[in-house]
Amino acid sequence: AAAIEQLPDIFERSFTCTGSVKIGGDTITCPHAHGTMDFYSAFANSCNCVYAQLAVELGGETLERYARSAGLLESHDVSGIPTAAGSFDVGADDSNVGWSGVGQYDDLLNPCSLMMLMGAIAGDGSAAEPSLIYQETSMNGLTLFDGSSSARSSIGWSADTCRTLQDMMANNVAKTYGQSQFGSLAVCAKSGTSQLGGGQKSNAMFAGFVEDEQYPLAFIVVVENGGYGSATCVPVLSKVLAACKSVLDGE
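Note that the coordinates shown come from a computational prediction; the quantities given were computed from them, not determined experimentally.

Calculation rules
- Residues numbered from 1 in each chain as written.
- Predicted model: local features only at pLDDT ≥ 70, side-chain atom pairs only at ≥ 80, totals over all residues.
- Heavy atoms only, no water.
- Patch = residues over 30% accessible without salt bridge, like charges linked within 9 Å, V, L, I, M, F, W, Y side chains within 5 Å.
- Areas by Shrake-Rupley, 256 points an atom, 1.4 Å probe, with all protein chains shown as cover.
- Salt bridge = Lys/Arg side-chain N within 4 Å of Asp/Glu carboxyl O.
- Lys, Arg positive; Asp, Glu negative; His and termini not counted.
- Charge placed at Lys NZ, Arg CZ, Asp CG, Glu CD.
- Helix = DSSP H or I, 4+ residues; strand = E, 2+ residues; numbered from the N terminus.
- Expected span 1.5 Å × (residues − 1).
- Buried < 20%, exposed > 50% of the residue type's maximum accessible area, 1.4 Å probe, protein only.
- Phe/Tyr/Trp six-rings, centres within 6.5 Å; stacked < 30°, edge-to-face > 60°.
- Pairing = 2+ DSSP bridges.
- Core = buried A, V, L, I, M, F, W, Y, C linked by side-chain atoms within 4.5 Å.
- Contact = heavy atoms within 4.5 Å.
- Axes fitted to C-alpha atoms, helices over the stretch in contact; angles between N-to-C directions.
- Parallel < 35°, antiparallel > 145°, perpendicular 65-115°, else oblique.
- Left-handed = near helix turned anticlockwise from the far one by under 90°.
- Nonpolar A, V, L, I, M, F, W, Y, C, P; charged D, E, K, R; others polar.

On the surface, a cluster of negative charge is contributed by D167, E211, D212 and E213. Note that E211 resides in the loop between β12 (203-210) and β13 (218-223).

Listed below in structure tokens is the structure:
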């Protein structure tokens, strides 16, 4: 989002990934060399090298501002239960800024905040606030609580930026994850890996939304110690989305 709004030529640029890049005396690595890419492909390939270099160009203060405007550094209220706030460490040198720019270094993220961001991207900048249950009724069937309230939260990104991200996340599914895994649901998504340190296997994450007003679903799947995001999380997500679709279809 920062690159889209702050770098006017970002979609005209071409990037080359050889598998690693030296930044500030440290080496930023990718699992393998991605070759030559445009901005869309770098996102679909989760290219650390490209996004670390863009992070340094944008600067740590800019990235921190965008993380804050996305709601990723705040605590959120879910049916009266506060979530843990996230954090973004600007870093003292370019290598740390580079790693922060790809979501590593000392960054901390609450999955609920990321799910709300996915909803806001889908909603051109605003999202429904989540609750723990959809509806509570009395013994007579009268509605006591309706979780589908009109309460919404907003992020500080433009609607145009959100629409561009919608398109980029749809491209991720089409080019990398495979639309066939989600049936007829138009899924837009991004995989993630949450490194834990101390020799622990990473947490796997997969976040996104369904781009269809009939199925207004934002989601995040987290598999603790699951490793790489899409390989571990997509099978879980496909089953959950299929169940949600059945409910919304009245089946």
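Here we come to helix α7 (residues 159-177). With 19 residues, α7 extends 25 Å from end C-alpha to end C-alpha; this agrees with the ideal 27 Å at 1.5 Å per step. Within α7, the full set of buried residues consists of T161, C162, T164, L165, Q166, M168, M169, N171, N172, V173 and Y177. Positive backbone phi, approximately 100°, marks G178, located one or two places after α7.

Before going further, it helps to spend a moment on unusual backbone geometry. Positive phi is not limited to glycine here, since S46 has a value of about 50°. Mapped onto the secondary structure, S46 falls in the loop between α2 (39-44) and α3 (48-58). Of note, D124 is a non-glycine position whose phi angle comes to about 60°, a positive value. Within the fold, D124 resides in the loop between α6 (111-122) and β7 (126-128).

Turning our eyes to something else, we now look at the packing of aromatic side chains. Counting across every chain of the model gives seven aromatic pairs. Seen from their ring centres, F43 and Y51 are 6.3 Å apart, and the 55° between their planes marks the pair as tilted. Here the two residues F43 and Y51 agree in accessibility, since each one is buried. A network of ring pairs unites the aromatic residues F11, F39, Y40, F43 and Y51 as a single cluster.

Take the pairing of strand β3 (residues 26-29) next. With four bridges joining them, strand β2 (residues 20-23) and β3 adopt antiparallel strand pairing. What sits directly across from K22, in β3, is T27. Hairpin connection, β2 to β3: the antiparallel pair is bridged by two residues, and G24 has positive phi, about 55°.

Moving on, we come to the pattern of salt bridges. Inspection of every chain in the model, using the stated rule, returns six salt bridges. Across the pair D249 and K245 runs a salt bridge whose closest N-O atoms are separated by 2.9 Å. The class of K245 is partly exposed, set by a relative accessible area of 22%. Through salt bridges with shared partners, a single ionic network connects D9, R13 and E57.

A few words now on the nonpolar core. In this structure, F39, Y51, L117 and W157 are the most contacted members of the largest nonpolar core, which totals 50 residues. Ranked by residues supplied to this core, first place goes to α3 with seven residues. Once you skip the residues sitting within four places of it in the chain, W157 turns out to touch A1, E5, Y66, S69, A70, L117, I121, C162 and L165. V210, L217, F219 and V221 belong to the second-largest nonpolar core, a separate cluster that totals 17 residues.

Our next topic: the sheet that holds strand β11 (residues 187-194). Spatially, three strands are ordered β11-β12-β13 in an open sheet, and the strand pairing comes out antiparallel. Looking at which strands have only one partner, the edges of the open sheet turn out to be β11 and β13. The average undirected angle you get between the axes of adjacent strands in this sheet is 15°. Examined bridge by bridge, β11 and β12 share eight bridges and lie antiparallel to one another. Among the inter-strand pairings, V187 is bridged to a residue of β12, identified as V210.

Another point: the packing of α3 against helix α5 (residues 94-101). Two elements in contact, α3 and α5, have axes separated by 7 Å at closest approach and are oriented at 120°. One finds that α3 runs oblique with respect to α5. Two packed elements cross with a definite hand, and for α3 against α5 that hand is right-handed. Contact residues: N48, A52, A55 and V56 in α3; D94, V97, G98, W99 and G101 in α5. Tallied by class, residues from the contact of α3 with α5 come to five nonpolar, three polar and one charged.

Two numbers describe how α6 lies on α7: the axes approach to 8 Å, and their chain directions differ by 105°. The angle between the axes of α6 and α7 places the two elements in the roughly perpendicular class. Across the interface between the two elements, M118, A120, I121 and A122 from α6 touch C162, L165, Q166 and M169 from α7. A class-by-class count of the residues in the contact of α6 with α7 yields seven nonpolar, one polar and no charged.

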